[in-house]
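# Residue-level structural notes
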Amino acid sequence: MSIRTSRIPAENTAQAITANRLSDGSVIYLTAKDNWSERIEDCQSAPDPQAAKVLLHQAQRHAANGHVVGPYLFKIEHENGTPVALGRREIIRTRGPSVGTDLKRPI
Amino acid sequence: MYRYDEFDHAFVAERVAQFSGQVARRVSGELSEDEFKPLRLMNGLYLQLHAYMLRVAIPYGTLASHQLRKLAHIARTYDHGYGHFTTRQNIQYNWPKLEDVPKILAELAEVEMHAIQTSGNCIRNITADPLAGVAADEVDDPRTYAEIIRQWSTLHPEFSFLPRKFKIAVTGAPSDRAVTRGHDIGLRMHRNADGEPGFEVMVGGGQGRTPILAKTLRDFLPVDQMLSYLEAILRVYNQLGRRDNIYKARLKIMVESLGVEALAELVEAEWAQIPDGTLDLPIEERQRIAAYFAPPSYVDLPDESSALDGAIAADASFAAWVESNVHEHKQPGYAIATISTKPHGGIPGDASAEQMEAIADLAEQYGFGEIRISHKQNLILPDIQKTDLFALWQALGILGMSAANAGRISDIIACPGLDYCNLANARSIPIAQRISERFSDLAREREIGDISLNISGCINACAHHHVANIGVLGVDKKGTEYYQVTLGGVSNENAAIGSIIGPAFDEWQIADAIETIVDVYLQQREVGEKFIQTYQRIGPQPFKEKLYASD
Ligand code: SF4
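Below is a short write-up of the structure. What you see is a predicted model; the values in this text were computed from it and never measured.

### Some words on the sheet that holds strand S2 (residues 52-56) of chain B
Residues and elements named next belong to chain B.
- Strands sit in the order S1-S2-S5-S4-S13 across an open sheet of 5 strands; the sheet is antiparallel. The open sheet has two free edges, formed respectively by strand S1 (45-47) and strand S13 (350-352), since each of these has just one partner strand. Across this sheet, the average inter-strand angle for adjacent strands is 30 degrees, counted without regard to direction.
- Direction of pairing for S2 relative to strand S5 (residues 91-93): antiparallel, over a ladder of 3 bridges. Residue pairing for S5: Leu54 is matched across the bridge by Tyr93.
- Helix H12 (residues 353-366) rests against strand S4 (82-85), S5 and S13 of the sheet, and its axis sits at about 80 degrees to S13.

Structure (structure tokens):
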């Protein structure tokens, strides 16, 4: 897998919330239904810093109640209406390790 | 092999029970992540990019076959079917579930293993020469002392919250295969003029953002005074180490700022405070531990094996494997075999559950059931009769583990990098894969000969890139992965830190850059010269000129 696209997001890009699930550490995203999903496509997007702040607050409440660990904001953009992660680290978190190996089951 | 005594069994069982309770309280919400994190780290459990990661200690890199089978079983039952061997002679599991970790720890305890002190600011797993006890050039088996240090340092109440993590490596041989100068304390056994064994004590080595080679604090420390002297060093460090700044907290920074002479005085003064005999083990106890590492019952054999010679003559691929992967044994008729975890294009250090089980079987069939893990992320079978090498090699071929590349350019040390690691700036594994594929021609690899190439995904330098002949460091430049190259590092008894050769390369240029470096060496070398010798003779300039010719 090539990860060539990792542009520096502009200041005012949309953001979403990601965290790791407490039970298995899986990468999860905060959804519009105030739920968590393993699919970035389901994430709730915050178009501006004010909305992002509200989302983060919401996510921190989940973290305080257990079950999710270390929520934080990250930058996204929309491709044909679907949210995709910006930045190499978040792209890798979304897709799983970029190394093809027959030693690993696909996640 | 060392066997746990009652104390070992009791404390490991107690820790498993404690951690089970802690996980249950975390899952029920009784413990917050802030409260739980230090507890899980004390049991080797990290949270990485995609999942938890459990780091299990393999003391001084020695495993019995039943332990390796257990590691395989854990990989299959609780993980994705594989494990990753590290430069610290540990194994890491990349996908355990939180609720399974107490079960994993209980299974490990069954085979006298654990994950304690594989994280945190304490004395970490004691590493050692992977050829301990079998190398032809050895003074004495360092594992007796590594085990004594393990027992002393495990749950040592005074040293559980040091200013920073603390790494100790031990070797019993003049050839340094344990990177002793890259550790907080390196111990190298040698004999004094009277023929008594003792240690050269080196302090303040470390990699990371400030790579420093350890300096000799004491030329000769009698082996029977080892623990009290280590205790004195740790006490001085514990008092004076910088707790205010994580980047300055390692012993190496203290040694740099105090100077090794001043540190020696402080250590001697502290040492004098420790009453004689209160810490150091009586000879009977040392002998008791040494007995666990007594040589196995070798058969009397002639050193030459006509079966081996015949197989070498008949099969060029086998001959190449023997040339790179077989090491001289101290016992006539025996050999040490390195099993490479680095097939061309593979992931350095990864082994599947099936591979681990098969290697455990081979260790029993052809050896005495012992396996070593090297800091180069390879596995080693220490006691193979020369006559059996061909059969072993064939069996390894079926497992996809017969790469004839130990010590060669595709024997790359690579850390997990940004594919797994939360601290990474760039990926390391795909770069290692690309480079090793580039050098997949066996004849070319043999032509290039002995060389080391290590790739770290960030300045923490887990892959020891500073002390590689060719070091590659992943950096982030405005959101893009770049790879900085250092040349001239050495990890053996002539340890040296490499120097940056010039501007970094992107992920598509780095394999070409490595090829260019190798080409310069091949063009410039004199007969019999290894890469590092050519580099030391001609310096960086010819490499720079070729690498940046078009700039
Ligand atoms: S060197 Fe950096 S990226 Fe690699 S394993 Fe260590 S901390 Fe992670």
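### Regarding the packing of helix H3 (residues 65-78) of chain B against H12(B)
All names here are of chain B.
- Two elements in contact, H3 and H12, have axes separated by 8 Å at closest approach and are oriented at 170 degrees. What the angle tells us is that H3 and H12 run roughly antiparallel. The two elements H3 and H12 cross, and the hand of that crossing is left-handed. Counted together, Ser65, Leu68, Arg69, Leu71, Ala72, Ala75 and Arg76 of H3 and Ala353, Glu354, Met356, Glu357, Ile359, Ala360, Asp361 and Glu364 of H12 form the full contact between these two elements.
- Split into classes, the residues belonging to the contact of H3 with H12 amount to 8 nonpolar, 1 polar and 6 charged.

### Examining the interface of chain A and chain B
- Each partner contributes to the interface: chain A provides 32 residues, whereas chain B provides 37 residues.
- Buried area between chain A and chain B, both sides added, is near 2700 Å², and the carbon and sulfur share of it is 58%.
- A:Arg88 is paired through a salt bridge with B:Glu481; the nearest N and O atoms lie 3.5 Å apart.
- Taken together, chain A and chain B are joined by 11 residue pairs in polar contact (both at pLDDT 80 or more).

Quick notes on the rules
- Residues numbered from 1 in each chain as written.
- Chains lettered and ligands numbered in written order.
- Predicted model: local features only at pLDDT ≥ 70, side-chain atom pairs only at ≥ 80, totals over all residues.
- Heavy atoms only, no water.
- Pairing = 2+ DSSP bridges.
- Helix = DSSP H or I, 4+ residues; strand = E, 2+ residues; numbered from the N terminus.
- Axes fitted to C-alpha atoms, helices over the stretch in contact; angles between N-to-C directions.
- Contact = heavy atoms within 4.5 Å.
- Parallel < 35°, antiparallel > 145°, perpendicular 65-115°, else oblique.
- Left-handed = near helix turned anticlockwise from the far one by under 90°.
- Nonpolar A, V, L, I, M, F, W, Y, C, P; charged D, E, K, R; others polar.
- Buried area = accessible area lost by both parts, 1.4 Å probe.
- Salt bridge = Lys/Arg side-chain N within 4 Å of Asp/Glu carboxyl O.
- Polar contact = N/O pair within 3.5 Å; in protein donor to acceptor, adjacent residues only side chain to side chain.

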